[in-house]
Amino acid sequence: MSGLPPTLTKVIESFSKFPGIGKKTAHRLGLYVLKSHSTEIEELAQALLDVKNKIRTCNNCHNISEMELCEICSDDKRDNLIICICEEPSDIYLIEKTGYSGVYHVLGGLLSPLDGIGPDDLHLDSLMERVKSASELIIATDASVEGDATALYIQKIIDTKSIKITRLARGLPVGGHLEYVDEATLTRSIDERVELHS
Ligand SMILES: [Zn+2]
């Protein structure tokens, strides 16, 4: 970027790496930083560092958390008997908007042999432990090849006689991630979840 001091160019380049931020917006944000009060920028810089340094994963469900247990796992009003299995912590945020009151288990990915992601790469051991004290597992993986393969695998390793396994109802876009599903559709697909049988 010609004509701009290197320090400002660096800030603009950093912003342009953010999702959804084009060059023009990055430029505007950079100039905004320059004009802002030092305290405001110090607060922003500290908040960014805190996100990186203070957030870990929940010991129980692998959601993001600042504590050993995330807010959902430590909330005694949640229904611990129902566990919703998701790919990433960001899925929890989406499902929470539907009013779901059970708990979660984050797999940390989906099975994808082509990408070299096998069962050992997912949080399945801890899931097997938790299943012992649950009555229903809701598999909320995407309606994609990987999402289907993962659901099938979980269904295979868990004894369906001792626990009910359900999957989000169809109506979710095929191949699409949950984040592209509107709230009403997601709520409906949880309410109308279908039982899987082995
Ligand atoms: Zn948790």
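This is a predicted model, so every value here is computed, not measured.

1. Section: the pairing of strand 4 (residues 102-106)
- Along strand 4, five of the five residues are buried, which leaves the element largely enclosed by surrounding structure.
- The pairing of strand 3 (residues 79-86) with strand 4 spans five bridges and is parallel. When the bridges of strand 4 are listed, Ile85 appears paired with His105.
- For the crossover from strand 3 across helix 4 (residues 89-96) to strand 4, the handedness is right-handed.

2. Things to note about the nonpolar core
- Counting residues in hydrophobic clusters, the biggest one holds 39 residues, and the most contacted among them are Cys84, Ile95, Tyr104, Leu127, Leu137, Ile154 and Ile158.
- Among the secondary structure elements, those contributing two or more residues to this core are strand 3, helix 4, strand 4, helix 5 (125-131), strand 5 (136-139), helix 6 (145-157) and helix 7 (183-191).
- Examining the composition of this core, we find that five residues originate from one element, strand 3, more than from any other.
- Sequence-distant contacts of Cys84, that is, excluding residues within four places in its chain, are made with Ile95, Tyr100, Val103, Tyr104, His105, Ile138 and Ala140.

3. Focus on the coordination of the zinc ion
- For the zinc ion, every protein donor is listed as Cys58 (SG), Cys61 (SG), Cys70 (SG) and Cys73 (SG), and the spread of their distances is 2.2 to 2.3 Å.
- Around the zinc ion, the four donor atoms are arranged such that angles at the metal cover 105 to 115°; this shape is classified as tetrahedral.
- One chain supplies every donor for the zinc ion, spaced along it as C-x2-C-x8-C-x2-C. In this pair, Cys61 is assigned in the loop between strand 1 (56-57) and strand 2 (64-65) and Cys73 in the loop between strand 2 and strand 3, connecting sequence segments twelve residues apart.

The rules behind these values
- Residues numbered from 1 in each chain as written.
- Predicted model: local features only at pLDDT ≥ 70, side-chain atom pairs only at ≥ 80, totals over all residues.
- Heavy atoms only, no water.
- Buried < 20%, exposed > 50% of the residue type's maximum accessible area, 1.4 Å probe, protein only.
- Helix = DSSP H or I, 4+ residues; strand = E, 2+ residues; numbered from the N terminus.
- Pairing = 2+ DSSP bridges.
- Right-handed = clockwise from strand over helix to strand, strands pointing away.
- Core = buried A, V, L, I, M, F, W, Y, C linked by side-chain atoms within 4.5 Å.
- Contact = heavy atoms within 4.5 Å.
- Donors = N, O, S within 2.8 Å, 3.2 Å for Na, K, Ca; no water.
- Tetrahedral: all angles 85-135°; square planar, octahedral: opposite > 155°, others 65-115°.

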